[in-house]
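Each chain, letter by letter, is given below.
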Amino acid sequence: MRTVFYSVSIIWQLFTLTACEEKKQIRKVNPYSGPIEEINDVKLLYSEAAKLKVKLTTAKQFRYTNENRRYPKPVNIVFYSPTGEEITTIRSDSGRYDKAKDVYVVMGNVVVVNKQKQEKLLTPELNWKPQTKKVFTDKRVTILSQQTGEKLYGIGLDANQDFSQYSIRKPTGIFNMEGGI
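Per chain, residue numbering runs from 1 following the sequence as it is written. In view of the model being predicted, local features appear only for residues whose pLDDT reaches at least 70, and side-chain atom pairs are presented and counted only at 80 or more, with totals across whole chains, interfaces and linings using the full set of residues. As a convention, hydrogens and water are excluded, and side-chain values are obtained from all of the structure's heavy atoms.

1. A closer look at the pattern of salt bridges
To keep it simple, the criterion reads: When a carboxyl oxygen of Asp or Glu is within 4 Å of a side-chain nitrogen of Lys or Arg, the pair counts as a salt bridge. For each residue, the accessible area found with a 1.4 Å probe, counting protein chains only, is set against the maximum for its type, and the residue is called buried under 20%, exposed over 50%, and partly exposed in between.
What the rule picks out here adds up to 9 salt bridges. Residue lysine 117 pairs with glutamate 119 through a salt bridge whose shortest N-O separation is 3.7 Å. Take lysine 117: its relative accessible area is 27%, and that puts it in the partly exposed class. Through salt bridges with shared partners, a single ionic network connects Glu37, Arg63 and Glu67.

2. A closer look at the nonpolar core
For clarity, the cut-off: Definition used in this section: a nonpolar core is a set of buried Ala, Val, Leu, Ile, Met, Phe, Trp, Tyr and Cys residues joined via side-chain atoms within 4.5 Å. Helix and strand definitions follow DSSP, with helices as H or I runs of at least four residues and strands as E runs of at least two, each counted in order from the N terminus. Throughout, a contact is declared for two residues whenever any of their heavy atoms are within 4.5 Å.
Of all hydrophobic cores here, the largest spans 23 residues; its most connected members are Ile77, Ile90, Leu121, Leu126, Leu157 and Phe163. Sorting elements by how many residues they give to this core places strand S7 (residues 103–114) first, with 4 residues. Setting aside anything within four residues of it in sequence, one finds isoleucine 90 in contact with Val75, Asn76, Ile77, Phe79, Val106, Val110, Val111, Val112, Leu126 and Phe163.

3. Details of the environment of phenylalanine 163
Its location among the elements puts phenylalanine 163 in the loop between strand S10 (151–160) and strand S11 (166–174). Classification of phenylalanine 163 as buried rests on a relative accessible area of 5%. The sequence separation of phenylalanine 163 and lysine 115 amounts to 48 residues, and the corresponding C-alpha distance is 9.8 Å. Once you skip the residues sitting within four places of it in the chain, phenylalanine 163 turns out to touch Thr88, Ile90, Val112, Asn114, Lys117, Leu121, Leu126, Val135 and Leu157.

What follows is the structure in structure tokens.
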């Protein structure tokens, strides 16, 4: 009987000791998702066959663990001809690079100037795929021609990276047309 009493007594003491202990709170900790690298005064150069094709400059770049990059400051991009002449420039308020899609996106007051054709493109966002050398957007676009005075408007655009050829997906505007049918 003593053994049973001692056993019950010990179990009761253990139960009361654990019942008085405060419950520990378990906190879920999210892994760090911020930048792993910050670079100031960035200049990225793209070349083919030892000839400069594209130059991107910006004041700041953030790089993340998935190799995506964000450019929170104004971004300037210059596209060059095979002879090294500046053909087209792009200026935007900010930008980013999506590694999984291999696409650069510039955003906010995007201004593209094609020096050879004397045309200016205005849009809120523009995408560039280095692999295909194509530029595109689904956003509204405005193209102003200094040579002809044409003003083209539309939604969406596809172009080659130097903007020597482009097509507006849903165009509107004032067009200069030759006479005849």
